[in-house]
Amino acid sequence: MTAVQDAPVSREPTALISARTQLDDAAELLRLDDGLRATLAHPRRALAVSVPLRRDDGRVEVYRGFRVQHNLARGPAKGGLRFHPSVNLAEITALSMWMTWKCALISVPFGGAKGGIAVDPRSLSRHELERLTRRYTSEILPLIGPEQDIPAPDVGTDEQTMAWVMDTYSVNAGYSVPGVVTGKPISLGGSIGRAGATARGVSIAALAALRDSGRDPAHCTAAVQGFGNVGALTAQYLTDAGVKVLAVSDIGGGTHNSAGLDITTVRRHLTDGAPTVVGYPCGEPIGQTDLLGLDVDLLVPAALGGVLTTDIARTVRAAIVVEGANGPTTPGGDAVLADRGILVVPDILANAGGVAVSYLEWVQNVQAHSWAEDRIDTRLRDLIERSYAEATNTARDRGISLRRAANVIAVGRVATAIRQRGLYP
Ligand code: NAD
């Protein structure tokens, strides 16, 4: 194999710089040849689409959408759909690469993909969102399918979005194809336990890290950035395990209570119609940076990427960072945290619970079968705990961080699959 020319990485946005830096490090540790490195550094396919939307008032607007398949060596591509104004091709490419490693790390037979639209979903009515989702789906139809590429929810999308994707795909196929997406409603073949699976995995990984560092959850504290699907339920599961969650935040700001927040009532505050956690009556407002610097045992960034920069990492006082979000730590931030002896449970391990249960959902769809909750929960726990133990052992044996160990395992598995399949033609 020969290497392809690459654009200077410094001109690319943070997420892709992080993803490529991590890949370079793993490739170096694995002594991969240049051809293999170049293959892994670039996506297999990337589709950019224009998505026209007729607004409710009759105006037509056009949004940019993407679907990127990073690697298919180990199976069909798997990865979420993100609806957020910051979505761009470089970010989606980075996220698709992390999906490849995540699936390999937890040993589910998928490659990595990601997709999204540069849109603020809160600026659209429900009907507009449905039309946008359906048109985007029709534009990426040639790429997706239960044996090709299987989308799932991510930032700004949910089970309703997945229902629209599934319906659009199925109408075009002429029959129902539940296995084309995961994270769909249970009434359409979704799996019990999928909605909370990512957060369940984050809390399992966090509790494993507390256990390994000799801490008793009942005497531990946490701060959680992001109070969406991942952050809110992680805060809930940590609370259920006895951890005191002192602060949580969302895009509007944060709320803090040094005696511990009652997460059930913070969640109720939002379902009762509050736009943000900030006005929660039993907490004091706290800024994002102050939350990230709280003196807690566990810090869980569960919003967007790139928040733990070099400067912010210097202010972190948590003993353990558990990455609920994808790519929350920049390479500079990662180096600072490592220097300061702060344990980082990396995203591809910590938040792999979502894709773990997505895999179980897909298996149930392919078998036209549904499993009980305890079976799902046991498999999820096994997948995360086994991957955590493998990464911890590799970190110890090689004398490297947990992130580098997780990347070495994952990149190594994908490289082996590529070598064994060989190069066509
Ligand atoms: P979500 O849209 O449900 O929630 C995102 C949360 O982050 C919201 O509370 C939002 O207000 C908050 N937020 C946004 N910008 C913020 C900012 N600048 N500061 C503080 N908070 C901010 O999204 P989600 O599904 O919970 O995903 C969160 C992260 O977890 C993303 O990085 C996503 O890629 C990752 N992830 C999600 C899943 C999943 O199954 N949903 C799986 C793996 C990883």
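Basis of the calculations
Residues numbered from 1 in each chain as written. Predicted model: local features only at pLDDT ≥ 70, side-chain atom pairs only at ≥ 80, totals over all residues. Heavy atoms only, no water. Core = buried A, V, L, I, M, F, W, Y, C linked by side-chain atoms within 4.5 Å. Buried < 20%, exposed > 50% of the residue type's maximum accessible area, 1.4 Å probe, protein only. Helix = DSSP H or I, 4+ residues; strand = E, 2+ residues; numbered from the N terminus. Domains from an automatic or database assignment. Contact = heavy atoms within 4.5 Å. Pairing = 2+ DSSP bridges. Axes fitted to C-alpha atoms, helices over the stretch in contact; angles between N-to-C directions. Buried area = accessible area lost by both parts, 1.4 Å probe. Salt bridge = Lys/Arg side-chain N within 4 Å of Asp/Glu carboxyl O. Polar contact = N/O pair within 3.5 Å; in protein donor to acceptor, adjacent residues only side chain to side chain. Nonpolar A, V, L, I, M, F, W, Y, C, P; charged D, E, K, R; others polar. Parallel < 35°, antiparallel > 145°, perpendicular 65-115°, else oblique. Left-handed = near helix turned anticlockwise from the far one by under 90°.

1. Comments concerning the nonpolar core
Nonpolar side chains in soluble globular proteins tend to be buried together.
For step 1, the next point in the chain: By size, the foremost hydrophobic cluster in this structure holds 86 residues, and its most contacted members are Trp101, Val248, Val322 and Val345.
For step 2, the next point in the chain: Among the elements that make up this core, the one with the highest residue count is helix 15 (residues 402-421) (11 residues).
For step 3, the next point in the chain: Taken domain by domain, the makeup of this core includes at least three residues from each of domain 1 (1-42 + 191-425) and domain 2 (44-187).
For step 4, the next point in the chain: In this structure, tryptophan 101 is in contact with Leu23, Leu40, His70, Ile348, Asn407, Ala410, Val411 and Val414, ignoring residues within four places of it in sequence.
For step 5, the next point in the chain: Grouped together as the second largest cluster of nonpolar side chains are 22 residues, Leu53, Leu124, Leu129 and Met162 included.

2. Some remarks on the sheet that holds strand 6 (residues 221-225)
For step 1, the next point in the chain: The sheet built from seven strands is open, its strands ordered 9-8-7-6-10-11-12 with mixed pairing. The open sheet has two edge strands with one neighbour each: strand 9 (284-286) and strand 12 (343-345). With direction set aside, neighbouring strand axes in the sheet form an average angle of 20°.
For step 2, the next point in the chain: Relative to strand 12, strand 11 (residues 320-322) runs parallel, the two being bridged by three bridges. Bridging across to strand 12, isoleucine 320 finds its partner in leucine 343.
For step 3, the next point in the chain: The strands that helix 7 (residues 229-240) touches are strand 6, strand 7 (244-250) and strand 10 (298-301); relative to strand 7, the one it contacts most, it runs at about 175°.

3. Side note on unusual backbone geometry
For step 1, the next point in the chain: Here tyrosine 424 and proline 425 are connected by a cis peptide whose omega angle stands at 0°.
For step 2, the next point in the chain: Tracing the sequence through the fold places proline 425 in the segment after helix 15.
For step 3, the next point in the chain: One non-glycine residue with positive phi stands out, namely arginine 31, at about 55°.
For step 4, the next point in the chain: Along the chain, the position of arginine 31 falls in the loop between helix 1 (14-30) and helix 2 (34-41).
For step 5, the next point in the chain: Exposure remark for arginine 31: the relative accessible area of 74% places this residue in the exposed category.
For step 6, the next point in the chain: The phi torsion at alanine 368 lies on the positive side, around 50°, for a residue other than glycine.
For step 7, the next point in the chain: As for its position among the elements, alanine 368 is in the loop between helix 13 (353-366) and helix 14 (373-398).
For step 8, the next point in the chain: Here alanine 368 falls in the exposed class, since its relative accessible area comes to 73%.

4. Section: the domain arrangement of the protein
For step 1, the next point in the chain: According to the domain assignment, the protein consists of domain 1 (1-42 + 191-425) and domain 2 (44-187).
For step 2, the next point in the chain: Using only C-alpha atoms to locate each centre, domain 1 and domain 2 end up separated by 21 Å.
For step 3, the next point in the chain: Across the contact, 44 residues belong to domain 1 and 45 residues belong to domain 2.
For step 4, the next point in the chain: Taken together, the two surfaces of domain 1 and domain 2 that pack against each other cover about 3600 Å², and 69% of this comes from carbon and sulfur.
For step 5, the next point in the chain: For the pair domain 1 and domain 2, the number of links is one salt bridge.
For step 6, the next point in the chain: Our count for the domain 1 to domain 2 interface comes out at 15 residue pairs in polar contact (both at pLDDT 80 or more).
For step 7, the next point in the chain: Counting only elements with at least two residues in the side of domain 1 that touches domain 2, the list comes to helix 1, helix 2, helix 12 (347-350), helix 13, helix 14 and helix 15.
For step 8, the next point in the chain: Considering each element in turn, the side of domain 1 that touches domain 2 owes the most residues, 10 residues, to helix 15.
For step 9, the next point in the chain: Tallied by class, the residues present in the side of domain 1 that touches domain 2 amount to 25 nonpolar, 11 polar and eight charged.

5. Description of the packing of helix 2 against helix 15
The relative placement of two packed helices comes down to the angle between their axes together with the axis-to-axis distance.
For step 1, the next point in the chain: Running from N to C, helix 2 and helix 15 point in directions that differ by 110°, and their axes come no closer than 11 Å. In terms of orientation, helix 2 and helix 15 fall into the roughly perpendicular class. Of the two possible hands of crossing, helix 2 and helix 15 adopt the one that is right-handed. Contacts between helix 2 and helix 15 involve Leu36, Thr39 and Leu40 on the former and, on the latter, Val411, Val414, Ala415, Ile418 and Arg419.
For step 2, the next point in the chain: In the contact of helix 2 with helix 15, the residues fall into six nonpolar, one polar and one charged.

6. A look at the pattern of salt bridges
For step 1, the next point in the chain: Scanning the model with the defined rule gives 26 salt bridges in all.
For step 2, the next point in the chain: In this structure, arginine 381 engages glutamate 385 in a salt bridge whose closest nitrogen and oxygen atoms are separated by 3.4 Å. Of the two residues, arginine 381 and glutamate 385 are both situated in helix 14; the distance of four residues between them amounts to about one turn of the helix.
For step 3, the next point in the chain: Among the charged side chains, a salt-bridge network with shared partners connects Arg55, Asp57, Arg59, Glu61 and Glu128.

7. Side note on the sheet that holds strand 2 (residues 60-71)
For step 1, the next point in the chain: Within the open sheet, the five strands sit side by side as 1-2-4-3-5. Their pairing is mixed. Two strands in the sheet have a free side with no partner beyond their single neighbour: strand 1 (45-54) and strand 5 (149-153). When the angles between neighbouring strand axes are averaged without regard to direction, this sheet yields 20°.
For step 2, the next point in the chain: Direction of pairing for strand 3 (residues 77-83) relative to strand 4 (residues 111-117): parallel, over a ladder of five bridges. Its bridge partner being in strand 4, leucine 81 is matched across the sheet by glycine 115.
For step 3, the next point in the chain: Contacts between helix 3 (residues 89-105) and the sheet are confined to strand 1, strand 2, strand 3 and strand 4, with strand 4 contributing the most and set at about 150° to the helix.

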